Amino acid sequence: MDRFVCIHGHFYQPPRENPWLEAVEVQDSAYPYHDWNERVTAECYGPNTASRLLGSSGKIRGIASNYEGISYDFGPTLLSWLQSEAPEVYAAALDADKKSNEAFGHGSAMAQAYNHLILPLATTRDKRTQVIWGMRDFRHRFGREAEGMWLPETAVDLESLTLMANQGIRFVVLAPHQASRIRRVGAADGEWEDVSGARVDTRRAYLCRLSGGVAMNVFFYDGAISQGIAFENLLASGADFASRLLGVFSEAGDEAQIAHVATDGETYGHHFPHGDMALAFALEAIGHGGDARLTNYPAFLEAHPAGHEVEIFENTSWSCVHGIERWRKDCGCNTGLHRGWNQAWRAPLREAMDWLRDALAPRYEEAASALVHDAWAARDDYIEIVLDRSQESLERFFAVQCTAPLDDDGRGRLLKLLEMQRHCLLMFTSCGWFFDEISGPESVQVMQYAARALQLARDLFGADLEPEYRSRLEVAQSNLPEQGNGALVYDRLALSTEIDPVKVGVHFAISSLFDHDDERKRIYCFRVDEQEQERVEAGALRVQVGRVRLTSEITLEGANLSFAALHFGDQNMVCKVRPYEMESHDRVMAAVKEAFGSADVARTLSVMDGFFGEDSYSLSSLFRDKQRSTIDLITKAALKEAEAMFRGIYERHAPLLIFLSSVGAPAPKAFHSAAELAINAGLHHSFEGERVSRESVLALVEAAQRTGVTLDKPGLALDFQRALERLAGSFAADPDRIEVLQAMVDAAGIIPHLPFNVDLWETQNRYYRVLRETLPLMLRRSEESEEQARGWVDRFLALGDLLHVETG
């Protein structure tokens, strides 16, 4: 069979890590999830590891990993997040590459240029580092060399292709409109055929000859079908999806043909809900249909080498009709969501970043050359440290790179230099220019990377380049009058997040007031090397005194601080820190405790001021996640009191509210608010325990309907989902526990009565594993007249009906 199908998914998320903490902090816009990475994982990355295949009854008849049947690339920065925050999804993505290698003879995963910057807009040196980092990250994770590499936004130029070919990359994937002309391999110079305007035959591989005697294989994806997947609702039907792919083939000629598409991987579940299921259906239909075979790019290329050469249009991409202008000027490309806005801010933002890069490069080269054999080769190899910051990895790096052994200060200086360069790469991440507004989170993110690079430059060289950087941002006008210009956005939203080791120590001190932990080992990317703490309480007041020594695992910079933190109710607190001095520390700590022990807050503050100085910190100094959890802790008692009060008001006046709702009369706002808080709180609490009470949940749902209150549907849906997942986890760990099975049946029986949809993906996964592994044994036991086994089977089959899983 000479017909092949390949579906490529480009899986990527804009980086969201706080550059100083190396962690994604809470994002309210992703509610009810912690952040957008978590939300997209729940909607897309996870479901594609175990996508549902439905039977004629509409129930689940099978579960399949889509990654095993498609070609795919994951952004290295996204894989890093998945590795720590969604390890099962991460493992499935890696395992799929091994499975595809067994099926096709080549792994389906492709590498990606490291942090999704637009390669044609980068310097030659930065292009090289991006390619090397992307390849080494791939090798570190997938355990093999990458054969193909995804170009961010498919933005291409010949220099980038040459650098990739010289590093061993064999193929890339481009959009059809990026092809200029083609000819058969070996044809004369005058035999070129113009294929501009997306007229290239996408059903074969092409060879792009490059300088230096190297070449790159190029696949041009089917533009019409890819457009249909991404924007035209093609994923509404898996059958239609498969049919469109199979309709690509021509009956003429005997050349092998490949029907292939490429879209953002997030299309399959995030952009298009349940798009993963359409993909799973199409993969199964094509794989079992006999009209074509599934394959991946390197497998097709090995069996059917390129017989045609191609010349490309340089400085083009798949998401800007003007080439690559979307990432450097107001070309007219935008999301279409904000009529009347402009993107004139893109040019000065690009110019500011280019200036900063060029200002820091010679400083880096001069300083690093005093420490290592080759400053830029050291940067290329620094990816090995980014991937593994263990002491062993550091020792290997220093031994290979350094011209002489370095002391701790020298090592810290070298790591700061390399981190400065890493942030000079990260600040060009394409998302910073893709969207509509300079104060948007993606543009702020790249400015945060710039702020970190500037901070490191100050520490390293004493050079304050920030005024010049800000002056270049001043001409970047926001579309939002309240935001002003790029410099003001930088000050408010980027620079305001800057931290240093002292601020980490402050975070430690304040959080210790509420979360006393003598065994705390780390705060984000800072290691807690030593700590001494002591707490004194007097009623609702408390003071925490002590010492903490912290070290950054990234740059080895640190702080050794004495601290005192005083909490005198609700959000009211004062924290003070200063460098630790052995001679005075114990004496002053004793004085603070003695003053506080006498219940004299004024005297306590006076003693703290005398030793630590006037600078003080408060609850607002905590990092965002801890600040939120501390606020929750502080308000818990008050909220519990408020809930009891409002519940009492609601219960006393519920009949009146129900009557008013039944006759269409508006309820007094106070009564309606009391009912809304009481009912929502009651439902949230119902989903918190080990078991879910069907009676109480249904009563509260009915009450919400009868009183006309608005439910917190996203939050309640997630709470109930996690309650089911806890039960499913207990059941899967010990399927013989019939009481847990019954609790699952009771909880799942609530689902049809809820006024919101519940994500059953993980619960169904666990049920499906028990269905395959445990049900056959229980059926045999029930046939042997074991009454308990029969009861188990009956409940299990009933649960399958409630979870929409075929059990026959």
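Keep in mind that what you see is a predicted model, and the values were worked out from it rather than measured.

Visitor: So what about the pattern of salt bridges? Which residues, and what values?
Guide: Tallying each qualifying case throughout the model produces 58 salt bridges. The network of salt bridges with common partners includes Arg527, Asp529, Glu530, Glu532, Arg547 and Arg549.

Visitor: Talk me through the side chain of Gln343; I want residue IDs and the actual numbers.
Guide: Its location among the elements puts Gln343 in the loop between β16 (308–312) and α10 (346–369). Gln343 sits in the buried class, given a relative accessible area of 2%. Looking at Gln343, its side chain comes within polar contact range of the main-chain oxygen of Asp436, at 3.2 Å. Excluding residues that lie within four positions of it along the chain, Gln343 makes contacts with Lys329, Asp330, Cys333, Asn334, Phe435 and Asp436.

Visitor: Lay out the sheet that holds strand β20 (residues 558–567) in plain terms, naming residues and giving numbers.
Guide: A sheet is described by the order of its strands in space; here five strands give the open sequence β17-β18-β19-β20-β21, paired in antiparallel fashion. The sheet is open, and its two edges are formed by β17 (522–523) and β21 (573–579), each paired on a single side. Alignment of β17 against strand β18 (residues 526–538), held across two bridges, turns out to be antiparallel. Each residue of the ladder has a partner; that of Ile523, found in β18, is Phe526. Here helix α19 (residues 501–512) sits on the sheet in contact with β17, β18, β19 (541–552), β20 and β21, set at roughly 35 degrees to β20. In the packing of helix α20 (residues 582–597) onto the sheet, contacts are made with β18, β19 and β20, and the angle to β19 comes to roughly 155 degrees.

Visitor: Can you tell me about the environment of Asn757, naming the residues and giving the values?
Guide: Relative to the elements of secondary structure, Asn757 occurs in the loop between α26 (738–748) and α27 (761–773). Take Asn757: its relative accessible area is 74%, and that puts it in the exposed class. Each C-alpha atom, one on Asn757 and one on Leu718, is 9.5 Å from the other, the two residues being 39 residues apart in sequence.

Visitor: Can you lay out the sheet that holds strand β10 (residues 179–184) for me, pointing to particular residues and giving the numbers?
Guide: Strands sit in the order β9-β13-β12-β16-β10-β11 across an open sheet of six strands; the sheet is mixed. Bordering the open sheet on either side are β9 (171–174) and β11 (193–194), each of which pairs with just one other strand. Where strand β12 (residues 205–209) meets β16, two bridges bridge the pair, whose relative direction is parallel. Following the sheet pairing, Leu207 is matched in β16 by Glu309. Along the sheet face, helix α5 (residues 158–166) touches β9, β12, β13 (215–220) and β16 and points at about 115 degrees away from the line of β13.

Visitor: Give a description of the packing of aromatic side chains that names residues and reports values.
Guide: One pass over the full model with this rule turns up 32 aromatic pairs. On the basis of an interplanar angle of 35 degrees and a centroid distance of 6.5 Å, the ring pair of Trp327 and Phe434 is categorised as tilted. Linking Trp327 in the loop between β16 and α10 with Phe434 in helix α15 (residues 431–434), this pair joins segments that are 107 residues apart in sequence. The two residues Trp327 and Phe434 agree in class, both being buried. Arranged with centres 6.5 Å apart and planes meeting at 10 degrees, the rings of Phe428 and Trp433 form a pair that is stacked. This pair shows no difference in class: Phe428 is buried, exactly as Trp433 is. Positioned above the aromatic ring of Trp376 is the side chain of Arg125, whose terminal nitrogen or guanidinium carbon lies 3.8 Å from the ring centre.

Conventions used here
- Residues numbered from 1 in each chain as written.
- Predicted model: local features only at pLDDT ≥ 70, side-chain atom pairs only at ≥ 80, totals over all residues.
- Heavy atoms only, no water.
- Salt bridge = Lys/Arg side-chain N within 4 Å of Asp/Glu carboxyl O.
- Helix = DSSP H or I, 4+ residues; strand = E, 2+ residues; numbered from the N terminus.
- Buried < 20%, exposed > 50% of the residue type's maximum accessible area, 1.4 Å probe, protein only.
- Polar contact = N/O pair within 3.5 Å; in protein donor to acceptor, adjacent residues only side chain to side chain.
- Contact = heavy atoms within 4.5 Å.
- Pairing = 2+ DSSP bridges.
- Axes fitted to C-alpha atoms, helices over the stretch in contact; angles between N-to-C directions.
- Phe/Tyr/Trp six-rings, centres within 6.5 Å; stacked < 30°, edge-to-face > 60°.
- Lys NZ or Arg CZ within 6 Å of the ring centre and 35° of its normal.

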